[in-house]
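Chain residues, written in single-letter form:
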Amino acid sequence: MTAHTLLLTLSAPLQAWGAPAIGGRRPTLPHPSKSGVVGLLACCLGRDRNDWNDLMGLRFGTTIHPDARILTDFQTMGVKTNGERMPVERREYIQDATFAVGVESESFGLLADLRHAVEHPVYAPYLGRRSCPPAGPIPATIREGRLEDALPAGSLIDAPAGGTPDMFVPDGLEHGRRRLRAVTVTDPYQRFVEEA
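A brief structural summary. (Residues numbered from 1 in each chain as written. Predicted model: local features only at pLDDT ≥ 70, side-chain atom pairs only at ≥ 80, totals over all residues. Heavy atoms only, no water.)

### Remarks on the environment of Y93
Checked against the element boundaries, Y93 lands in strand β7 (residues 88–105). Judged by relative accessible area, Y93 falls into the buried class, the value being 6%. Along the sequence, Y93 and L29 sit 64 residues apart, while their C-alpha atoms lie 8.8 Å from each other. (Helix = DSSP H or I, 4+ residues; strand = E, 2+ residues; numbered from the N terminus. Buried < 20%, exposed > 50% of the residue type's maximum accessible area, 1.4 Å probe, protein only.)

### Observations regarding the pattern of salt bridges
The final tally for this structure, using the stated rule, is 9 salt bridges. Here R69 ties to D96 by a salt bridge, and the two come within 2.9 Å at their closest N and O atoms. With R69 in strand β6 (residues 69–76) and D96 in strand β7, this residue pair connects regions lying 27 residues apart in the sequence. Using a relative accessible area of 55% as the deciding quantity, one classes D96 as exposed. In this structure, the salt-bridge partner of R146 is E148, at a minimum N-O distance of 3.7 Å. E148 gets classed as partly exposed once you look at its relative accessible area, which sits at 34%. (Salt bridge = Lys/Arg side-chain N within 4 Å of Asp/Glu carboxyl O.)

### A word on the packing of helix α1 (residues 34–45) against helix α2 (residues 108–119)
Running from N to C, α1 and α2 point in directions that differ by 75 degrees, and their axes come no closer than 8 Å. Between α1 and α2, the angle falls in the class roughly perpendicular. The segment α1 lies against α2, with L41, C44 and L45 engaging D113, L114, A117 and V118. Classifying every residue of the contact of α1 with α2 gives 6 nonpolar, no polar and 1 charged. (Axes fitted to C-alpha atoms, helices over the stretch in contact; angles between N-to-C directions. Parallel < 35°, antiparallel > 145°, perpendicular 65-115°, else oblique. Contact = heavy atoms within 4.5 Å. Nonpolar A, V, L, I, M, F, W, Y, C, P; charged D, E, K, R; others polar.)

### Notes on the nonpolar core
In terms of nonpolar packing, the biggest core is built from 29 residues, with L6, L8, L10, L41 and L55 touching the most fellow members. For this core, the secondary-structure elements that each account for two or more residues are β1 (4–15), α1, β7, α2 and β8 (140–144). Here the element with the most residues in this core is α1; it accounts for 6 residues. Discounting chain neighbours no more than four positions away, the residues touching L55 are V38, L41, A42, L45, R47, L110 and L114. If you look at the next biggest cluster of nonpolar residues, it comprises 5 residues, including L147, A150, L151 and I157. (Core = buried A, V, L, I, M, F, W, Y, C linked by side-chain atoms within 4.5 Å.)

Dropping the structure here:
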């Protein structure tokens, strides 16, 4: 079977792609996460929060913007109904960014259903957090071929089919069970190769 890739253009004034929370700090990754994009697709399909494990099997890739601007929002939460003070939080957002993301599958029918859902969502999509709506309708196209062919050089690409669905992270930082290091191919683009 031939692989196909669904490409989405995610653009918004603010985006927030969950990274592990540290105390009262809610950081964002500097790029869309696989779980966030799969959640967006499930939202468009009208699926329940616990009904999207099948979508986690899709290969995922995203462009990255190392110079993305991060906004930190200081939030005071007020008081609970029992009088207990709620915590103070610092939430991070990516400002004014546009990312090309792709999901790959050998099932053209699944990708066509996802494209239709993005174009006619059951629930309003958001980019990471509910407070981050897209700038407008999300452009969605399907291309024949793999993620590596559909996304530009320097993109983060998921493990090959049958591998772990953890996203690759540059410069040897760990995220899940995989490790990659950046290898410069042509300036300013980088490719990522798995460490032995």
